[in-house]
Amino acid sequence: MKPLLLSFLVLGGLAAAQGFDGAKLYSANCSGCHQAGGQGIPGVFPPLAGHVPQILEAKGGREYLIHVMLYGLQGPIEVKGTKYSGAMPAWAQLKDGEIAAILNHISTSWGNKFPEGQKPFTPEEVGAGRAQKLTAAQVLEARKALGLK
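Residues numbered from 1 in each chain as written. Predicted model: local features only at pLDDT ≥ 70, side-chain atom pairs only at ≥ 80, totals over all residues. Heavy atoms only, no water.

1. Observations concerning the packing of aromatic side chains
The relation between two aromatic rings is expressed through the spacing of the ring centres and the mutual angle of the planes.
Inference 1: On inspection of all chains with the given rule, the structure shows two aromatic pairs.
Inference 2: Between Tyr26 and Trp110 the ring centres are 5.2 Å apart and the planes differ by 55°, which places this aromatic pair in the tilted class. Here the residue Tyr26 occupies a position in helix H2 (residues 22-29), and Trp110 occupies one in the loop between helix H6 (96-108) and helix H7 (123-130), the gap between them amounting to 84 residues.
Inference 3: With a relative accessible area of 28%, Trp110 lands in the partly exposed category. (Phe/Tyr/Trp six-rings, centres within 6.5 Å; stacked < 30°, edge-to-face > 60°. Helix = DSSP H or I, 4+ residues; strand = E, 2+ residues; numbered from the N terminus. Buried < 20%, exposed > 50% of the residue type's maximum accessible area, 1.4 Å probe, protein only.)

Spelled out as structure tokens, the structure:
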């Protein structure tokens, strides 16, 4: 029970320190497509529930999630055996702390959790990703390199 309480306090403290509520930001910016419960819409918008930990476990997965938020994603992907061929818009207009808060929310909601040893996203990580100036096509290529299914 203590590790769970400690994780909750760390995540809650990080969110409070950033001044952003990841759940509210997700609801306002992401839930229209990925749905309130992160289940997505099969064949239209991919699920986040049950899929984000798989991304985080892949080498380069954290950076990929940051890049998807900043630069969007366009092109065919497959998630849990379902094919998607849409486009996710870039959310670069959000502040680094807002993107970090959303990423922390989707990484710890709907049964998702950070892989052992990974810490919550920080605004500094998002800022480093913002400095890379990628296209949505480059983000798609990065996804392919993760070997996700």
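2. Some thoughts on the pattern of salt bridges
Pairing between side chains of opposite charge can happen when their charged atoms approach one another.
Inference 1: Counted according to the given criterion, the structure contains three salt bridges.
Inference 2: The shortest N-O distance in the salt bridge between Glu125 and Arg62 comes to 2.7 Å. Of the two residues, Glu125 is situated in helix H7 and Arg62 in helix H5 (residues 61-71); the sequence distance between them amounts to 63 residues.
Inference 3: On the basis of relative accessibility, which here comes to 14%, the residue Arg62 falls in the buried class.
Inference 4: For Lys144, the salt bridge goes to Glu141, with nearest N and O atoms at 3.2 Å. Pair noted here: Lys144 and Glu141 are both in helix H8 (residues 136-146), with a separation of three residues, about one helical turn.
Inference 5: Here Glu141 falls in the partly exposed class, since its relative accessible area comes to 46%. (Salt bridge = Lys/Arg side-chain N within 4 Å of Asp/Glu carboxyl O.)

3. Regarding the side chain of His67
Inference 1: With respect to the secondary-structure elements, His67 resides in helix H5.
Inference 2: Among all residues touching His67, those that are not within four sequence positions of it are Gly72, Gly129, Gln132, Leu134 and Val139. (Contact = heavy atoms within 4.5 Å.)

Read these as layout, nothing more, since geometry by itself doesn't imply function.
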